[in-house]
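Per-entry structural report
Residue-level listing of the chains:
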Amino acid sequence: MTQANYDIVPVNGGWLVKMTGDSVSEWHSSKGDAVRRARELGRAYGTWHVRVLAPNGAVEQELSSAEAAS
């Protein structure tokens, strides 16, 4: 199975969830909702990796299916 990679990016007072390398995204009003949605989407792939980005583009947090399993 393929690993899904998602970025969560702050924009317009909310948070975008987008798969790395894809132009499709979903907007969420809270960071928590965005993280939950990215994890939910990633589970369809079996393994997943999520990066939460700060407004300056720096990686603020990283989550993965490996960590969620432990």
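Heads up: the structure comes first, above all this text.
Now for a look at the structure at hand. (Residues numbered from 1 in each chain as written. Predicted model: local features only at pLDDT ≥ 70, side-chain atom pairs only at ≥ 80, totals over all residues. Heavy atoms only, no water.)

**Quick word on the side chain of Ser 64**
Threshold: For the purposes of this entry, the term helix denotes a DSSP run of H or I that reaches at least four residues, the term strand denotes a run of E that reaches at least two, and both are numbered from the N terminus. Accessible area is worked out with a 1.4 Å probe on protein chains only. A residue is then buried under 20% of its type maximum, exposed over 50%, and partly exposed in between. Note on contacts: a residue pair is in contact if any heavy atoms of the two residues lie within 4.5 Å.
Along the chain, Ser 64 turns up in strand S5 (residues 59-64). Under the relative-accessibility criterion, Ser 64 is labelled buried at 15%. Those residues within four positions of Ser 64 in sequence are excluded, and the remaining contacts are Trp 48 and His 49.

**Section: the environment of Glu 26**
Put simply, the rule reads: As used in this structure description, the phrase polar contact means that two N or O atoms lie within 3.5 Å; if the pair is within protein, one of them must be able to donate a hydrogen and the other to accept it, and residues adjacent in sequence are counted only when both atoms belong to side chains.
Among the secondary structure elements, Glu 26 is positioned in strand S3 (residues 25-28). Measuring from C-alpha to C-alpha, the distance between Glu 26 and Arg 37 comes to 9.0 Å, with 11 residues separating the pair along the chain. With sequence-adjacent residues up to four places away left out, Glu 26 is seen in contact with Trp 15, Leu 16, Val 17, Arg 37 and Leu 41. Separated by 3.2 Å, the side chains of Glu 26 and His 28 make a polar contact. Separated by 2.9 Å, the side chains of Glu 26 and Arg 37 make a polar contact.

Interpretation note: all reported values are geometric properties and have no functional meaning in isolation.
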